[in-house]
Every structure is written in C-alpha cells, then in structure tokens.
Amino acid sequence: MLQTATPLTADVPSGLRAEFRATLALAWPLAAANLLQMLVHAIDVIFVARLGDAALAASSLGVSIFGLLLWTGSGLVGAAAPLIAAELGRRKHAVREVRRTVRMALWLSALISLIFMGICAAGGPIMLATGQAADTSARAAGFLLILLWGMFPMIAASVLRIFVSALGRPTIATAITFGALGVNALGNWMLVFGNLGMPALGLHGSAISSVITSTLMLLAYVVIIQSDRRLRRYHLFGNWWRSEWTRFFDMLRIGAPIALTILAEAGLFTGAAFLMGRIGEAQLAGHTIALQVAALAFQIPFGVAQAATIRVGLAYGAGDHRGIAHAGTAAMILGIGFMGVTALTMWLFPSLVLSIYVDVDAAKNAALVGFALQFLVVAAAFQLFDGAQAVAAGALRGLQDTRTPMIIAICGYWIGGYGTAIYLGFWTPWAGVGVWIGLAVGLVLVAGLLLLRWRMRARLGLLPA
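Thresholds applied
Residues numbered from 1 in each chain as written. Predicted model: local features only at pLDDT ≥ 70, side-chain atom pairs only at ≥ 80, totals over all residues. Heavy atoms only, no water. Helix = DSSP H or I, 4+ residues; strand = E, 2+ residues; numbered from the N terminus. Buried < 20%, exposed > 50% of the residue type's maximum accessible area, 1.4 Å probe, protein only. Contact = heavy atoms within 4.5 Å. Areas by Shrake-Rupley, 256 points an atom, 1.4 Å probe, with all protein chains shown as cover. Lys, Arg positive; Asp, Glu negative; His and termini not counted. Charge placed at Lys NZ, Arg CZ, Asp CG, Glu CD. Core = buried A, V, L, I, M, F, W, Y, C linked by side-chain atoms within 4.5 Å. Axes fitted to C-alpha atoms, helices over the stretch in contact; angles between N-to-C directions. Parallel < 35°, antiparallel > 145°, perpendicular 65-115°, else oblique. Nonpolar A, V, L, I, M, F, W, Y, C, P; charged D, E, K, R; others polar. Left-handed = near helix turned anticlockwise from the far one by under 90°.

Q: Can you break down the overall build of the chain residue by residue, with the values?
A: Across its full length, the chain holds 18 helices and 0 strands. Expressed along its principal axes, the backbone C-alpha trace of the chain runs to roughly 60 × 50 × 40 Å. The buried share among the 465 residues of the chain stands at 59%. Considering only intrachain contacts with a sequence separation of at least 6, the fraction spanning at least 24 residues in the chain is 84%. Accessible surface computed for the chain: about 18,000 Å², of which carbon and sulfur atoms make up 68%. Charged side chains in the chain number 30 positive and 17 negative. The centres of these two groups are separated by 12 Å.

Quick look at the structure:
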C-alpha cells in the first residue's frame, strides 16, 4: 500500500527529492497515528470538560503526572528505534538482532511500568506537596489509581509500534490507533454519563475507558504481528524469558538520555500546569485546553521526528554520510513547514480551534475560554521552534546521539524556560500568560542548540567512520 516507503533498504536514496518522498511515506502514517492517539486522549478531555471546571482541573493534574511518566517510559524504550534502524541499515534481514532488541524493550517496558505505577499510586501526596487544593488533589488521586493500570499496555504498545514502523508497516499503527479512537469514545459515552445501561461513573469512568482502550491496543498489535507473514518470522514473543543483557544495557545507554530529555520537556509543561493550579482554577482549565491544542499540532512534527530517527538510523548503519544529511534535511523541511501552517491557524482562527474541545459560546465557559485564547497567542508564536526541536532531536537519535541533547534539554527547559515561567507568572502582572512565555523561551533555546549540533555533526564526530 505504501510502495514508496523503503525503511528496510540499506541504500538511502542519493537525491534529496527521493529522500523527501521516502521520509514523507514513512512519516505520514506515524504522524496520523500520533494525531489519532492525541485525539484518543482528547476524547477524555471533551467528556470530562462537560462535568465542569472542577472535574477538568482534577483530570488535568492526574493526566499531568500519568502523561509525564508515560512519555518518559516511552522515551526509554524508544531506544529500540535507532537500534533496529541501524541493524537493518547494516544488514537487510537482521532477524535475530531485531528480535533481541524488541524483547529487551518489552522487558524494560514491564520494569519501568511497575516503578511508574507506584509513583501514580502516590499521586495524592505528590499533588498536595506542590500546593494544589485538597479537593482537587483528592479527585485527581482517585482518577490516577484507576488510570495507572494502563501504564504497561501503553508503553509496551509503543515498542510494538516502533517494530512495525521500522519494518515498513507504519499504517498498522495508524489503523490500530484509529480503532482505539472509537473504543475510547464509546467507553467514555457509556461510563462517564451512564449510557446503554452502564453506571454514570463520571471522572472514574473516563479513567476506566482509557485502561480498556490501551489494553485492546496492545492486544491488537500482538494479533496483527502474529498474523502477518512478514512480521511473524521475527518470532518476537518466542522464548520471551531469554535475557540479552548486552542489548538490554544498549537500550539503557541510548534510552535513558532520551527518557530524561522527554522528562525535561514534558516536565516543563507538567510543571506549568502546577503553576497554573496555584494561580487559579479557571487559569488551569484554560491552560489545559490551550495545551491540548498545542499538543495536537505537535503530533505531526513528532511523527516526522520518529521517521527521521529511522531514516537517519538506516543511513547511519549503512555508513552513508550523504544519506544522513538528506534524511535530516527532508525531515526538517516537513516538520517545520507544517508548524508554520498551524501557527497561522492559531493566529487567524483561535475560537474555531478551541471549539474542538469546548463550547466557546457557553456563559459558564467564559473565563476558561478567555484565558485559553490568551495562551493560544503564545502557542502560535512558538510553533516553529517546537517543530524544529522535535525533528532535530529525532535526527540526532538516529545517530545514537542522546546524551548531549539531554543536557541541552534539561538546561534549556528548566533553567531558561521554567525559570522564566516562574518569574513572569508570579513576579509580574502577566500571570498565566507569563507562564506560557516561559514555555516559549525554553523551546526557542533548545531548538537553537539542537539545530546547531545537527549542523556540526561531522565536526563533533557523530558520523560513522
């Protein structure tokens, strides 16, 4: 179905135009899957928002903790992408090596999920320690106690998604995520408001729906992989108890910096939610909606970044310096170009964009919408930088360069970004807008430094010998 997608081929196309087509063919299904995954989560926001500001604020805090941990865990096992790509770049049919990588990534998924589930279980005290309101913290803690059961299915599914994508079947991820969108919408409709004879569980019903959806997604990947002749020959689930410690530690070496990089970026936005919670409930609700819009737009360059990791990784494994340059350039054009379109959309049609999530004309939503409109102006301004940092990070991961980008992310997001957010949010009259300006500062700093590192890759010794 995607004849132009050739991620199994060690020969990276020699021309930039050919590489652009190959990257686009791989990126669009991944970006579509990311977008659909975001819409799966947006379904929760859409249903919970109709329960009122209090429920939405509690959901925001709970999802902030869960999402931060989920993204971190997905980043850790995300080391499978450059490892699989490099193996396939060196040898077209690296069955044994790919199987070892996936097996150890699934082991790592189980281990990190247990740790993160324990953190979610302690969500109530964590939120109280950050100064959140007791009532909101109690609601969010109960929500988290249910949601935490979706941690392993979600992280493990991300491993299998990497596998099918690197093997040239990214549309599998798109199809599964599309199915999950319908499942979660039905689950929320039934369990939040009590339709089709189900009890009306409110906020807890949304969490249950998310757990059911994530579990079915994981099972769908397993069934499809076992049913597909080309994928089945990798025998991913055979001898799953067999350890491959060298590969396991390779995963940690590459994946830990990726996880910390994602933790730094996601932590910036999570930290912003906690700052908003201290400013006011309406500001937090407005922040939640505006952030959903920005995050929705981000899924496209994030998909391009995932494709860049695979395409650059293939060229890296093949020792093709020109192919590395073409793969990175094609991804930059795609990712940054799309974010230019989203920036214009947010500037020109902010109310229309917000109406995806909330009734902008309802009197009860007036304060929420007012704050969200202010935050969207800042979000539009940092779109290009958000796309640039995502794609640059993805390209560098293809070179298995993760440690220095981690340092750049931690310093840029937390010293530059969060420091600015605290100052402008609490020491100036800008309040919530000041917090969002801090987010923009962090993204600008990180994007600039990562792009510089990519440009200097040969001088820094990042290319294969």
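Q: I'd like to hear about the nonpolar core, residue by residue, with values.
A: In terms of nonpolar packing, the biggest core is built from 147 residues, with Val-102, Met-151, Phe-163 and Trp-436 touching the most fellow members. Sort the elements by how many residues they give to this core and helix α12 (residues 281–318) lands first, with 16 residues. The contacts of Phe-163, once residues within four sequence positions are left out, are Val-98, Val-102, Ile-225, Leu-231, Tyr-234 and Leu-236.

Q: Please give an account of the packing of α12 against helix α13 (residues 321–348) that cites residues and values.
A: Closest axis-to-axis distance for the α12/α13 pair is 8 Å, and the angle between their directions is 175°. Regarding the angle of α12 to α13, the classification is roughly antiparallel. Residues Val-293, Ala-294, Ala-297, Phe-298, Ile-300, Pro-301, Val-304, Ala-308, Arg-311, Val-312, Ala-315 and Tyr-316 of α12 lie in contact with α13, whose contacting residues are Gly-323, Ile-324, Ala-327, Gly-328, Ala-331, Leu-334, Gly-335, Phe-338, Met-339, Thr-342 and Met-346. Of the residues that constitute the contact of α12 with α13, the class distribution is 18 nonpolar, 4 polar and 1 charged.

Q: Describe the packing of α13 against helix α15 (residues 366–381), with residues and values.
A: Angle between the axes and distance between the axes: these two values describe a pair of packed helices. As a packed pair, α13 and α15 sit with axes 8 Å apart at the nearest point and diverge in direction by 155°. Taken together, the axes of α13 and α15 lie roughly antiparallel to each other. Seen from above, α13 lies across α15 with left-handed handedness. Listed contacts from α15 to Ala-343, Met-346 and Trp-347 of α13 are Leu-376, Val-377, Ala-379, Ala-380 and Ala-381. Across the contact of α13 with α15, the residue classes tally to 8 nonpolar, no polar and no charged.

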